[in-house]
Amino acid sequence: MSLSNPVFIPGPTNLPDSIRRAIDLPTVDHRSPAFAASLPQLFDGLKQIVGTTTGKIFIFPGTGTGGWEATISNTLSRGDRVLACRHGVFSDKWIRMCQNFGLIVDVIDCDWRGPADPTQIEAILRADTGRQIKAVLATHNETATGVRSDLASIREAIDHAGSDALFFVDGVSSIASMDFQMDEWGIDAAVTGSQKGLMLPAGLSIVALSQKAREAGQNAGLPRFFFDCEIMGAMTDAGGFPYTPPMQLLAGLSHSLELLLNEGLDQVFSRHFKMAEGVRQATAAWGMDLCCQDLQFASDTVTTIMVPDGFDGDRLVAHAYDRYSMSFGVGLGQLAGQAFRIGHLGALSEAQALSGLAVIEMAMLDLGYPITGGSGVAAAQEWYRSAFSGHSVDASAADDSACEDVA
Ligand SMILES: Cc1ncc(COP(=O)(O)O)c(C=O)c1O
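Every value quoted in this text rests on a predicted model; they were computed, and no experiment measured them.

1. What to know about helix H11 (residues 313–324)
For H11, which comprises 12 residues, the first-to-last C-alpha distance of 16 Å matches the rise-based estimate of 16 Å (1.5 Å per residue) to within 8%. Within the sequence span of H11, burial applies to Gly313, Leu316, Val317, His319, Ala320 and Tyr324. Angularly, the buried residues of H11 cover 160 degrees about the axis, an arc narrow enough to put them on a single face. Turned more than 90 degrees off the buried face of H11, the exposed positions are Arg315 and Asp322. Tucked inside the fold, the buried residues of H11 contact strand S11 (329–330), strand S12 (339–343) and helix H12 (350–366). Among the residues of H11, the N-terminal cap falls to aspartate 312, whose side-chain oxygen and the backbone nitrogen of aspartate 314 are separated by 2.9 Å. Backbone geometry just downstream of H11 places serine 325 in the positive-phi region, at approximately 55 degrees.

Spelled out as structure tokens, the structure:
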């Protein structure tokens, strides 16, 4: 195992050196005025990242899964009906969590090689004349499949059906990497974790709730304590936490927000698109298929690649790790063995991306994959030369040496 190679798993992502330095702190008093004074800029920064001016941000010690739990337990009651598409392991897991909490889930089983289906969402909401469905759940970016769902279309579907259901979104592998507009898309809850686009270690669960979701929470009966948003919100407004906060991670978050906002979110999204496109070009050059069948829905944070018949994606990932000390993602759920994943979100340079493509190419050649050696790397090189020409990835960080790490 090499700690100097970047990882190509879709989170936790590579830690920029400046973030590691920001986290490397002695113990800080979480009841000190200095800590209280540091909080407002975290919430302001996160509001920009999720695209809201009216929503309220809650930061919990936890992970994305905790964010799902905070969302449902703060807004719904046992026996409430919710509607969700299942199109990968993460959407499936959120559905199972809802069922465990005693919610009744209307599941739309979608093709895993495509996005959540707004047409079926609209049809089911239209048929719900008694307005029993209290919330629609969507996974923006299915990290298992590399397929991005169209949240604006799901919002339209909810509106066209005349439903007043809340709209909850898992943005764990999209927020801070791909365009995300909580207010514009009428999202009532947006969830993420620290270890993906925010380029931090795992340990923070971040939830944004709309005013409508918070009002629903006043009558919501699901039990909550650790993830009680209103208690958390009142405490952070007053400059503290209801329990011991992870101080070092919060210091890292402050630096991560500075990096992202200094770079500019449009530039962050465009950088992720360009990085992802290089991986897609490499895949095409290998003659292999993306899991995502319609390119307009291809994820810019993770690419899931189908392995040819007769090959085993798990074996490929294990070989790349054992032989070349580089980590890639295995196929998950029904894609186990049939696919592998290249994560390319967060801090990654073109040079690093090329190293990942070169390694997976070597691993495929070692295992007899029917590809031409160097073809994927060459295709990505050509793309990166043109895509980033005139705008080096770290140009936006020219006057802030810390930001070079983001590139
Ligand atoms: C889309 C998505 N949702 C939820 C999760 C769960 O997040 P966590 O592992 O931080 O609990 C993940 C983790 O990879 C994810 O990719």
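2. A look at helix H3 (residues 64–73)
In terms of burial, H3 is a largely internal element, 8 of the 10 residues being buried. Buried within H3 are the following residues: Gly64, Gly66, Gly67, Trp68, Ala70, Thr71, Ile72 and Ser73. The inward-facing, buried residues of H3 contact strand S1 (56–62), helix H4 (89–100), strand S7 (166–170), strand S8 (189–193) and strand S9 (203–209).

3. Comments concerning the confidence of the model for the protein chain
When pLDDT is averaged along the protein chain, the result is 95; 95% of the residues meet or exceed 70. Scored below 50 in pLDDT, residues 392–407 shows 31 contacts in the model against residues more than four places distant or in partner chains.

4. Here's the deal with the side chain of arginine 341
Locating arginine 341 in the fold gives a position in strand S12. Of the side chains with opposite charge, glutamate 142 comes closest to the buried, unpaired arginine 341, at an N-O distance of 7.3 Å. From its side chain, arginine 341 meets the backbone oxygen of threonine 143 in a polar contact 3.0 Å long. Once residues within four sequence positions are removed from consideration, arginine 341 is found in contact with Phe8, Pro10, Thr143, Ala144, Val302, Thr303, Thr304, Phe328, Gly329, Val330 and Leu332.

5. Some remarks on the environment of tryptophan 94
Among the secondary structure elements, tryptophan 94 is positioned in helix H4. Its relative accessible area of 1% is what places tryptophan 94 among the buried residues. Leaving out residues up to four positions away in the same chain, tryptophan 94 has contacts with Trp68, Thr71, Ile72, Leu137, Ala138, Thr139, Phe168, Val169 and Asp170.

6. Section: the packing of helix H9 (residues 247–263) against helix H10 (residues 265–286)
For the pair H9 and H10, the least separation of the axes is 5 Å and the interaxial angle reads 90 degrees. Comparing their axes, H10 and H9 come out roughly perpendicular. Here Leu260, Leu261 and Glu263 of H9 come into contact with H10, specifically with Leu265, Gln267, Val268 and Arg271. A class-by-class count of the residues in the contact of H9 with H10 yields 4 nonpolar, 1 polar and 2 charged.

7. Overview of the site of the ligand
Around the ligand, the neighbouring residues are Thr63, Gly64, Thr65, Trp68, Phe90, Asn141, Thr143, Asp170, Val172, Ser173, Gln195 and Lys196. One of the backbone N or O atoms of glycine 64 is found 2.9 Å from an oxygen atom in the ligand. For the ligand, an oxygen atom lies 2.5 Å from a polar atom in the side chain of threonine 143. The fraction of the free accessible surface of the ligand (390 Å²) that becomes covered by protein chains is 86%. Among the elements that line the shell around the ligand, the one with the most residues is H3, at 3 residues. When grouped by side-chain class, the residues that make up the shell around the ligand number 3 nonpolar, 7 polar and 2 charged.

8. Observations concerning the domain arrangement of the protein chain
Once the domains are mapped, the protein chain shows domain 1 (17–261) and domain 2 (265–405). Across the boundary between the two partners, domain 1 contributes 32 residues, which contact 29 residues of domain 2. Across the interface of domain 1 and domain 2, roughly 2500 Å² is buried in total on both sides, 61% from carbon and sulfur atoms. Taken as a group, Trp112, Arg113 and Ser177 account for 26% of the area that domain 1 buries against domain 2, more than any other trio of residues on that side. Linking domain 1 with domain 2 are 0 salt bridges, by the criterion used here. The tally of links from domain 1 across to domain 2 stands at 13 residue pairs in polar contact (both at pLDDT 80 or more). Put simply, the parts of the chain that give the side of domain 1 that touches domain 2 at least two residues each are helix H1 (17–23), helix H2 (33–50), H4, strand S6 (147–148) and H9. It is H9 that provides the largest number of residues to the side of domain 1 that touches domain 2, a total of 4 residues. Considered class by class, the residues forming the side of domain 1 that touches domain 2 number 14 nonpolar, 10 polar and 8 charged.

9. Examining the sheet that holds strand S10 (residues 302–306)
If you walk across this open sheet you meet the 3 strands as S10-S12-S11, and the pairing is antiparallel. With partners counted over all chains shown, the strands left at the sheet margins are S10 and S11, one partner each. Direction of pairing for S10 relative to S12: antiparallel, over a ladder of 5 bridges. For methionine 306, the partnering residue across the bridge sits in S12 and is alanine 339. The strands that H11 touches are S11 and S12; relative to S12, the one it contacts most, it runs at about 45 degrees.

What counts as what
- Residues numbered from 1 in each chain as written.
- Predicted model: local features only at pLDDT ≥ 70, side-chain atom pairs only at ≥ 80, totals over all residues.
- Heavy atoms only, no water.
- Helix = DSSP H or I, 4+ residues; strand = E, 2+ residues; numbered from the N terminus.
- Expected span 1.5 Å × (residues − 1).
- Buried < 20%, exposed > 50% of the residue type's maximum accessible area, 1.4 Å probe, protein only.
- Arc of directions from axis to C-beta.
- Contact = heavy atoms within 4.5 Å.
- Polar contact = N/O pair within 3.5 Å; in protein donor to acceptor, adjacent residues only side chain to side chain.
- pLDDT = per-residue confidence, 0-100.
- Lys, Arg positive; Asp, Glu negative; His and termini not counted.
- Salt bridge = Lys/Arg side-chain N within 4 Å of Asp/Glu carboxyl O.
- Axes fitted to C-alpha atoms, helices over the stretch in contact; angles between N-to-C directions.
- Parallel < 35°, antiparallel > 145°, perpendicular 65-115°, else oblique.
- Nonpolar A, V, L, I, M, F, W, Y, C, P; charged D, E, K, R; others polar.
- Near = heavy atom within 4 Å.
- Areas by Shrake-Rupley, 256 points an atom, 1.4 Å probe, with all protein chains shown as cover.
- Domains from an automatic or database assignment.
- Buried area = accessible area lost by both parts, 1.4 Å probe.
- Pairing = 2+ DSSP bridges.

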